[in-house]
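Each chain, letter by letter, is given below.
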Amino acid sequence: MSTELLAELENAVDRRRNFAIISHPDAGKTTLTEKLLLYGGAIHEAGAVKARKEQRHATSDWMEMEKQRGISITSTVMQFDYHNCKINLLDTPGHQDFSEDTYRTLAAADNAVMLIDTAKGLEPQTRKLFEVCKMRELPIFTFINKMDRPGRGPLDLLDEIEKELGLQTYVVNWPIGSGDRFKGVYDRRFKKVHLFERSLRNKQAAKDTMMDLDDPQLKDLIDPDLYDTFMEELELVEGVGPELDIEQIHAGKMTPVFFGSAMTNFGVELFLDAFLEYALKPGNHQSTQGEIEPTYPEFSGFVFKLQANMDPKHRDRVAFIRVCSGKFEKDMLVNHARTGKTVRLSRPQKLFAQDREVIEEAYPGDIIGLNNPGMFAIGDTIYMGQKLEYEGIPCFSPELFAFLRNPNPSKFKQFNKGVSELREEGAVQVMYSSDESKRDPILAAVGQLQLEVVQFRLQNEYGVETTVEWLPYTVARWVDGGWDALNKVGRIFNTLTVKDSWNRPVLLFKNQWNCQQLEGDHPELTLSSIAPLGSGKEAIAL
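Quantities reported herein were computed from a predicted structural model and do not represent experimental measurements.

**A look at the overall build of the protein**
For the protein, the count of helices and strands is 14 helices and 31 strands. Per-residue burial for the protein yields a buried fraction of 56% across its 542 residues. Sequence separation of at least 24 residues holds for 70% of the intrachain contacts in the protein that already meet a minimum separation of 6. Total accessible area computed for the protein in this model is approximately 23200 Å², and 46% of it derives from carbon and sulfur atoms.

**A short note on the sheet that holds strand β30 (residues 505-509)**
Here eight strands make up an open sheet; going across it, the order is β27-β24-β26-β25-β29-β30-β28-β31 and the pairing antiparallel. Bordering the open sheet on either side are β27 (467-471) and β31 (527-528), each of which pairs with just one other strand.

**A short note on the pairing of strand β25 (residues 429-433)**
One face of the sheet, then the other: side chains in a regular strand alternate in exactly this way. Counting buried residues in β25 gives four out of five residues, a clear majority hidden from the surface. Two elements, β25 and strand β29 (residues 496-500), share three bridges in a ladder whose sense is antiparallel. Bridge pairing in β29 links Tyr432 to Lys499.

**Points about the confidence of the model for the protein**
Confidence in the prediction for the protein averages 83 pLDDT; 83% of positions are at 70 or higher. Here residues 94-98 is modelled with pLDDT under 50, and outside its nearest four sequence neighbours on either side it reaches 22 contacts, counting other chains as well. This stretch, residues 534-542, has a pLDDT under 50; its non-local contacts, to residues over four places away or in other chains, come to 32 contacts.

**Quick word on a nonpolar patch on the surface**
On the surface, a nonpolar cluster with roughly 270 Å² of combined accessible area is contributed by Leu155, Leu236 and Val240. Summarising the element assignment, Val240 is placed in helix α8 (residues 224-240).

**Here we look at the nonpolar core**
In terms of nonpolar packing, the biggest core is built from 59 residues, with Trp174 and Phe304 touching the most fellow members. When residues in this core are grouped by element, the largest group, five residues, is from α8. Apart from residues no more than four positions distant in its own chain, Trp174 is found in contact with Pro154, Leu155, Leu158, Gly184, Val185, Tyr186, Phe230, Glu233, Leu234, Val237 and Phe259. Residues Phe19, Leu36, Ile87 and Val172 belong to the second largest nonpolar core, which totals 31 residues.

**As for helix α2 (residues 29-39)**
Since the α-helix advances by 3.6 residues per turn, residues separated by three or four positions end up pointing in the same direction. Most of α2 is tucked away, with 11 of its 11 residues classed as buried. Of the residues trailing α2, Gly41 is marked for its positive phi of about 80 degrees.

**What about the pattern of salt bridges?**
Inspection of the entire model under this criterion finds 23 salt bridges. Among the ionic pairs, Arg338 bridges to Asp380, the shortest N-O distance being 2.8 Å. One end of the pair, Arg338, is in the loop between β17 (333-336) and β18 (342-344); the other, Asp380, is in the loop between β22 (367-371) and β23 (381-383), with 42 residues separating them in the sequence. Put simply, Arg405 and Glu469 hold a salt bridge, and the shortest N to O gap is 2.2 Å. Placement of the pair is Arg405 in strand β24 (residues 400-405) and Glu469 in strand β27, with a sequence separation of 64 residues. In this structure Glu469 comes out as partly exposed when scored by relative accessible area, which is 38%.

**Some remarks on the packing of helix α11 (residues 412-424) against helix α12 (residues 448-462)**
Two elements in contact, α11 and α12, have axes separated by 10 Å at closest approach and are oriented at 125 degrees. As summarised for this structure, α11 and α12 are arranged oblique, according to the angle between their axes. For the pair α11 and α12, the sense of crossing is right-handed. Where α11 approaches α12, its residues Gln414, Phe415, Lys417, Gly418, Val419, Glu421 and Leu422 are matched on the opposing element by Val454, Arg457, Leu458 and Tyr462. Here the residues of the contact of α11 with α12 are counted per class, giving six nonpolar, two polar and three charged.

**A short note on α8**
The first and last C-alpha atoms of α8 sit 24 Å apart over 17 residues, in line with the 24 Å expected at 1.5 Å per residue. All of the buried residues in α8 are Leu226, Tyr227, Phe230, Glu233, Leu234 and Val237. The buried residues of α8 occupy one face: seen down the axis, they fall within an arc of 140 degrees. Those residues of α8 that are exposed and aimed more than 90 degrees away from the buried face are Pro224, Glu232, Glu235, Gly239 and Val240. Against α6 (154-165), β6 (168-171), β7 (173-176), β8 (184-187) and α7 (217-221) lie the buried residues of α8.

Basis of the calculations
- Within every chain, residues take consecutive numbers counted from 1 along the sequence as written.
- Local features in a predicted model are, by the rule used here, given only for residues with pLDDT of at least 70; side-chain atom pairs are given and counted only at 80 or more, and totals for whole chains, interfaces and linings are based on all residues.
- In computing side-chain properties, one takes all heavy atoms of the structure into account and sets aside hydrogens as well as water.
- Numbering of helices and strands runs from the N terminus, with a helix taken as a DSSP run of H or I at least four residues long and a strand as a DSSP run of E at least two residues long.
- When a residue's accessible area, from a 1.4 Å probe over protein chains only, is under 20% of the maximum for its type it is buried; when over 50% it is exposed; and in between it is partly exposed.
- Throughout, a contact is declared for two residues whenever any of their heavy atoms are within 4.5 Å.
- For the accessible areas, the method is Shrake-Rupley and the probe is 1.4 Å, while residue cover comes only from the protein chains on display.
- Strands are treated as partners if at least two bridges between them are detected by DSSP.
- pLDDT expresses, on a scale from 0 to 100, how confident the predictor is about each individual residue.
- Patch membership requires over 30% relative accessible area and the absence of a salt bridge. Like charges are linked within 9 Å, and nonpolar side chains (Val, Leu, Ile, Met, Phe, Trp, Tyr) within 5 Å.
- Any carboxyl oxygen of Asp or Glu within 4 Å of a side-chain nitrogen of Lys or Arg constitutes a salt bridge here.
- To form a nonpolar core, buried Ala, Val, Leu, Ile, Met, Phe, Trp, Tyr and Cys residues must be joined to one another through side-chain atoms within 4.5 Å.
- Simply put, an axis is a line fit to the C-alpha atoms, just over the touching stretch for a helix, and the angle between two N-to-C directions goes from 0 to 180 degrees.
- Angles are sorted into four bins: roughly parallel if under 35 degrees, roughly antiparallel if over 145, roughly perpendicular if 65 to 115, and oblique for all others.
- By definition, turning the near helix anticlockwise from the far helix through less than a right angle yields a left-handed crossing, and turning it clockwise yields a right-handed one.
- Three classes are used, and their members are as follows: Ala, Val, Leu, Ile, Met, Phe, Trp, Tyr, Cys and Pro are nonpolar, Asp, Glu, Lys and Arg are charged, and the others, Gly among them, are polar.
- To estimate how far a helix should extend, the number of its residues minus one is multiplied by 1.5 Å.
- Directions are taken from the helix axis to each C-beta atom, and the arc is the one they span.

If you want it as structure tokens, here you go:
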């Protein structure tokens, strides 16, 4: 590798930060995303997430159903510049029915921001997503949101994080008051007090008055009882709290904690500044050739998400690629690890939610969009030079199953195309009955909202109305060894045998007990809750 290319890669990696936001629904994740974009200069006015026609929609919520319901149901990617750094922000769905999409997105992230509602503390979905971050050893930054509303005490929240997640907490800024009396925060990095004023309709950057902790004016600007409580708590944090340890943060064992309010813009800019300093830069990725460093001279990356119809006018399909090593350049020829084919990447796009622009180059840590005419699947590796494949992406065992019916025979072609493209992007798993007389696809999902989204999109994007017929099963298991292994067992009971989109046998059970009973009756049959992957290494068990 030339010294010029090495210097170019080192500089690019040094400037990049990449993170995904994880949270329980309604913790304010999309609002925080909007405000980070606002402070990053990527947008000039933050959009509300409410489903009202007179309000702007959140930049990250581009799908029609997201706008109608006021929730995030797809992952989006937004890149923006801030303080000479290039930030790739991966916004993920908060709703538990879309956990798979979030898990795939975390595979492409170098850091995670855990958003917590000050009134509710840690919630089930946050705990579940934390386990994935822990499994991937991602650095976790904690933003305790909605401090302008009534909530639990900050010390109580820190204690919950430490006890339930086993994370050391390092307080970066400490709140002054809460609820209606939330006045600002004390930034421990620079030992400055920041007192905030609400901006016009909370759509622009908050006004920030900064002063020293010992400034005599501070007592005049804060109620006496509020000032005394703040000073007592701060003294406790300074005296008992751990020292900042960047290595522990990067290992995912210590979480920097920030307090603020995304809705009113309080503390968002302070979080972004500290994140740039503490966050992990793009790092190594495990592959069949060992760990690949971002400065490895040959380009490589993997597909972590597919999305159909981001531009409904053109019925497009986009593959999201995480760049892992080397320099990406427009029109370059790369190898497709799964198929062995050579592919020219002629229309690479920089993604900003639904908006896109053609890019000429990209570096490790960046996310690029590629036109996908059916070539790419989730987990695929593309590379130059020596062949390599990156690790597979986790896949859930579905819990809900239903036949999807097309009552209009004239829409047969559109129906098949829609089901195929939505399956490819991972919106839902698609299975088929082993009985050849039953041709209707079986939708397999983690949550009901996934099925509702598929039906909505089939009608909205493909013009096909559908109905569903629910099946009484809650557990799916893939058969190790395929059809041969299953045929050796002979007839089995309390089970429905179906096949997935790759013609692999899947057993559906009404409950966990039925599954365990079959395993006890046929110990020679090995079942897996993880779907085998067509490329990369075996999926990680969840």
